[in-house]
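# Remarks on the overall topology
Spelled out from the first residue to the last, the chains are:
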Amino acid sequence: MQKKSLYKIGSLCLLVLVLLSIPQCSPGNNSVGASIYNSVAKFFGENNTFDFTQLKGKENVYPIVVIGSGPAGLSAGLYGARAKKKTLVIEGTKPGGLLTETSYVENWPGFKAILGKDLMKELKAQAAHFGAQFLEDTVEKVDFSKWPYEIYTDDGKIIYALSVIVATGASPSPLNIPGEKEFWGKGVTTCAICDAPFYAGKNVVVIGGGDSSIAEAIQLSAYADKITILVRKDKMRAAPTNQELLAGYPKVSVMFNIEPKEILGDAKHVTGIKLYNTKTQETTVMPIDGVFLAIGHKPNTKLVQGSLKLDDNGYIVVEGRTQATSIPGVYAAGDVEDHRYRQAGIAAGSGIKAALDADAWLNELGFTQAVSDSLDNTQMASVVIEPSLVRHMGTQEEFQKMIQESKIPVIVDFYADYCPTCMQMLPHFKMVAQQFKDLALFASIDIAKLPDLAQKYHVSKIPLILVFKDGTLAARYNTEMGKKEIQDLVAQAVGQTPAE
Ligand code: NDP
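Just so it is clear, the model here is predicted, and its values are computed rather than measured.

Definitions and limits used
- Residues numbered from 1 in each chain as written.
- Predicted model: local features only at pLDDT ≥ 70, side-chain atom pairs only at ≥ 80, totals over all residues.
- Heavy atoms only, no water.
- Axes fitted to C-alpha atoms, helices over the stretch in contact; angles between N-to-C directions.
- Helix = DSSP H or I, 4+ residues; strand = E, 2+ residues; numbered from the N terminus.
- Parallel < 35°, antiparallel > 145°, perpendicular 65-115°, else oblique.
- Left-handed = near helix turned anticlockwise from the far one by under 90°.
- Contact = heavy atoms within 4.5 Å.
- Nonpolar A, V, L, I, M, F, W, Y, C, P; charged D, E, K, R; others polar.
- Pairing = 2+ DSSP bridges.
- Disulfide = S-S within 2.5 Å.
- Buried < 20%, exposed > 50% of the residue type's maximum accessible area, 1.4 Å probe, protein only.
- Salt bridge = Lys/Arg side-chain N within 4 Å of Asp/Glu carboxyl O.
- Phe/Tyr/Trp six-rings, centres within 6.5 Å; stacked < 30°, edge-to-face > 60°.
- Lys NZ or Arg CZ within 6 Å of the ring centre and 35° of its normal.
- Near = heavy atom within 4 Å.
- Polar contact = N/O pair within 3.5 Å; in protein donor to acceptor, adjacent residues only side chain to side chain.
- pLDDT = per-residue confidence, 0-100.

## Re the packing of helix α11 (residues 420-435) against helix α13 (residues 483-493)
Following both chains from N to C, one finds α11 and α13 inclined at 40°, their axes separated by 9 Å at the closest point. The angle between α11 and α13 falls in the class oblique. You can see that α11 and α13 cross each other, and the crossing is right-handed. Facing M425, H428, F429, M431, V432 and Q435 of α11, the residues of α13 in contact are K483, I486, Q487 and V490. Partitioning the contact of α11 with α13 into residue classes produces six nonpolar, three polar and one charged.

## Some thoughts on unusual backbone geometry
The omega angle of the peptide bond from W147 to P148 is 0°, so this bond is cis rather than trans. Within the secondary structure layout, P148 lies in the loop between β6 (139-143) and β7 (149-153). Looking along the chain, the bond that leaves I462 and enters P463 is cis, with omega of 0°. By secondary structure assignment, the location of P463 is in the loop between α12 (451-456) and β23 (464-469).

## Some details on the sheet that holds β23
Strand order in the open sheet formed by five strands is β20-β22-β21-β23-β24, and the pairing between neighbours is mixed. Of all the strands in the sheet, the pair left with one neighbour each is β20 (390-392) and β24 (472-477). Taken pair by pair, the neighbouring strands of this sheet meet at an average axis angle of 25°, ignoring direction. Across five bridges, the pairing between β23 and β24 is antiparallel. Looking across to β24, one finds that V467 is bridged to A475. Relative to β23, α13 is tilted by about 15°, and along the sheet it contacts β21 (410-415), β22 (441-446), β23 and β24.

## Observations concerning the state of the cysteines
Considering all chains together, one arrives at two disulfides under this definition. A disulfide bridge connects C191 with C194, and the sulfur atoms are separated by 2.3 Å. Sign of the S-S torsion, about 65° for the bond between C191 and C194, identifies this disulfide as right-handed. An identical accessibility class is assigned to C191 and C194; each is buried. Linked covalently through their sulfurs, C419 and C422 form a disulfide whose S-S length is 2.3 Å. What sets the handedness of the C419 and C422 disulfide is the S-S torsion sign, and at about 85° it is right-handed. For the pair shown, C419 and C422 are each scored as buried.

## Describing the pattern of salt bridges
For the structure shown, the criterion picks out 13 salt bridges. Between K401 and E405 there is a salt bridge, with its nearest N and O atoms 3.4 Å apart. With K401 and E405 both in helix α10 (residues 396-405), this residue pair falls four residues apart, about one helical turn. Within the structure, one salt-bridge network assembled from shared partners comprises D143, K146 and E150.

## Notes on the packing of helix α3 (residues 71-82) against helix α4 (residues 116-129)
Running from N to C, α3 and α4 point in directions that differ by 20°, and their axes come no closer than 8 Å. On the basis of the axis angle, α3 is roughly parallel to α4. Classified by chirality, the crossing of α4 by α3 is left-handed. Seen from α3, the contacting residues are P71, L74, S75, G77, L78 and A81; seen from α4, they are M120, L123, K124, Q126 and A127. The class makeup of the residues in the contact of α3 with α4 is seven nonpolar, three polar and one charged.

## A short note on the packing of aromatic side chains
If you walk through the whole model with that rule in mind, you get seven aromatic pairs. When the ring of Y199 is compared with that of F292, the centres are 5.3 Å apart and the planes differ by 75°; the resulting orientation is edge-to-face. Of this pair, Y199 sits in the loop between α5 (192-195) and β11 (203-207) while F292 sits in strand β17 (residues 290-293); the two residues are 93 residues apart in sequence, bridging distant segments of the chain. For the pair Y199 and F292, a shared accessibility class is recorded, and that class is buried. Taking 5.3 Å as the distance between ring centres and 80° as the angle between the ring planes, the aromatic pair formed by Y457 and F468 counts as edge-to-face. A residue pair is termed long-range when its members are at least 10 positions apart, and Y457 in the loop between α12 and β23 and F468 in strand β23 qualify at eleven residues. On the basis of relative accessible area, Y457 is assigned to the buried category, the value being 10%. A connected cluster of aromatic rings, assembled from ring pairs, spans F399, F414, Y457 and F468. Positioned over the ring face of Y152 is K141, at 4.5 Å from the centre of the ring.

## Examining the site of the ligand
If you check the shell around the ligand, you find 19 residues, and the closest are G209, D211, S212, R232 and R237. Between an oxygen atom of the ligand and a side-chain N or O atom of N107, the distance comes to 3.2 Å. Within the side chain of D211, an N or O atom sits 2.5 Å from an oxygen atom of the ligand. For the shell around the ligand, a count of residues per class yields five nonpolar, nine polar and five charged.

## Details of the side chain of S213
Mapped onto the elements of the fold, S213 is located in helix α6 (residues 211-220). You can call S213 buried: its relative accessible area is 0%. When neighbours within four sequence positions are excluded, S213 is seen to be in contact with V206, G208, I229, M236 and A294.

## As for the confidence of the model for the protein
Any segment with low pLDDT has predicted coordinates that should not be analysed in fine detail. Residue-level pLDDT values for the protein average 86, and 87% of them are 70 or greater. Low pLDDT, under 50, characterises residues 1-38; the predicted model gives this stretch 51 contacts beyond four residues in sequence or across chains. Residue range residues 381-385 is modelled with pLDDT below 50. Its contacts to residues more than four positions away, or to other chains, number seven contacts.

## Structural notes on the sheet that holds strand β14 (residues 258-265)
Strands in a sheet are paired, the pairing made by backbone hydrogen bonds, and the direction either parallel or antiparallel. Taken in spatial order, the three strands of this open sheet run β14-β15-β16, and their pairing is antiparallel. Only two strands of the sheet have a single neighbouring strand rather than two, namely β14 and β16 (283-287). Across the sheet, the axes of successive neighbouring strands diverge by a mean angle of 25°, strand direction being ignored. As paired elements, strand β15 (residues 270-277) and β16 share five bridges and run antiparallel to each other. If you follow L275 over to β16, its bridge partner there is T284.

Dropping the structure here:
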C-alpha cells in the first residue's frame, strides 16, 4: 500500500521534473520534495522499501529516535513528541550535553542568566511532559543500510528507527603535545567547573582564545591565585563583551603569541609548561600547577562515519536549509553538523528543524495513527536501581574498614555535587554496580565531605574511579566514562574479559 503510493508520488515528481522542469523535486530545495526524491532514488529497485508491514512483530520500534541529549537532542525530542510521534531520546555518555559543564548561560533567549545544568533539566522535563521517552544508554553502532534503521546500544538493545536524528554534539579537542596524555587527570583537564576547587591558591594556565577560555578562567578565579590565558595568535577569538569581563578579574592575565609545546611534571603532577613565543621566537618554561584546555571541539561523528556524508572537518553534511543528511529519514542537528555558529540556541533550533523534517517525512511515507497503533507500544524500560548497592561512605574509617575486610574487589567513585560530569556518571555507576553486585563492592565518596580521603589518594580531578584489591590500590581511572567504559573496567577488575 505505502509502496504503491510512494511509486505514485515518485513517478509524479519525476514527471513534473521532466515535463515542467520545476526544481522543487530535486534534492536540496525543500525538505518535502527532497526527501521524496531521495527515498525514491536511493531505495527503489533495492531489496528494502519503506513498507510498514515489515515492522509487524518487531520490538522497540520508534518513529523518531534521537541520538544525543544536548540542546539539539532535547529540542528534537520535544518537537517529535509534540507531533505525536513516539520519540525516544538516547541520552549517551553526557546527558544534557556540554552545557551542563558550563556555569551561567547568559545568551539563551528569555533568561538573563541560567545555570547550564538547570536549563538542560528544564528542557528534558518539558520534552518528557509531552511524552518523549529517555533511555540512559549509549549507542554503539548504527545500521542505516536497511530500513527500519537499526540502532545498537551498549546495553545490547536493538532499536528499530523509522527516522533518526543524530545530535551527538562535539567533544573538547586535545592539544596533542608531549605530556598531555601522561598528566591527564594529574594537572591536565578540560573542566574548570569540575576541577577548579583542587587549584585553591595555585598557579594555572588556560589554553585557548575563545569564549570557553574566558569562562574557564572566570571559574578558576574563585580558587586559583594566578590564572594566565595563553593565546596562540595576537588576539582572542572570544566575543568582545566576554573579553571585557576579564577586567573585573585581576587574578586573570592574558599572554598572546604563545604556543604550548610540552607539559612537564614529576611522578605525581604537572609542574610546568614549555612555551614558544612566536614573536620573539623564544622558548621558556613557566612553572605552573595545572593546565586547563579550552581549544575548541571536534564533532562526535565516529558513529556515522561511513554511513553519512561528512565534510572535510568531519561534520555531518546537511541539505540546504533542512537538517536532512545523505540518507533519507536520517537528520542531523546541533554541533555535530554546525561548525559555524556552535551556540546552544542554534543547536536547539536545528533540533526543532530536524524533528519537523522527520515528522514531515514520516507523514509523506504514510505513517498514520493506525500504523502507529499497530507498533509494539512497550516503553523502553529503565533499569530499577537498588539504592543500597553503592555504599555512600560517611567517614574515612568506614571506607578503610571496607577495603581492608573485603574479599572481593572494591570499586570507588569519587565525585562532588558541583561536578556535572560526576553527576552524569553516577547513575551509570549504579547500574553497573547492580550488574556486578556479586563480584565486587561498590562505594561512592563525596570529596567535599571527605576531603582528607581525597587528599590521601591524590585526587586532583573528578570523576575518579579507584579499584582496590586485597586492601591495596590496584587501578586508577581518571576519565569521564559512560556505562560501557565502567562495565569494562569493572569486568577487568573482577577478572572477566570486557566483552563478557
Ligand atoms: P573556539 O573554537 O571558539 O576557540 C578555540 C580557541 O582555541 C581559539 O582561540 C583557537 O585559536 C585556540 N586553539 C585551537 N587549537 C589550538 C592549539 N593547538 N593551541 C593553542 N590554541 C589553540 O572554541 P570555544 O570552545 O571557546 O567555543 C566554542 C563555541 O561555543 C563558540 O561558538 C563560542 O562562542 C561558544 N561559547 C560561548 C560561550 C558563551 O557565550 N558564554 C561560552 C563558551 C563557548 P585560534 O583563534 O588561533 O584559532
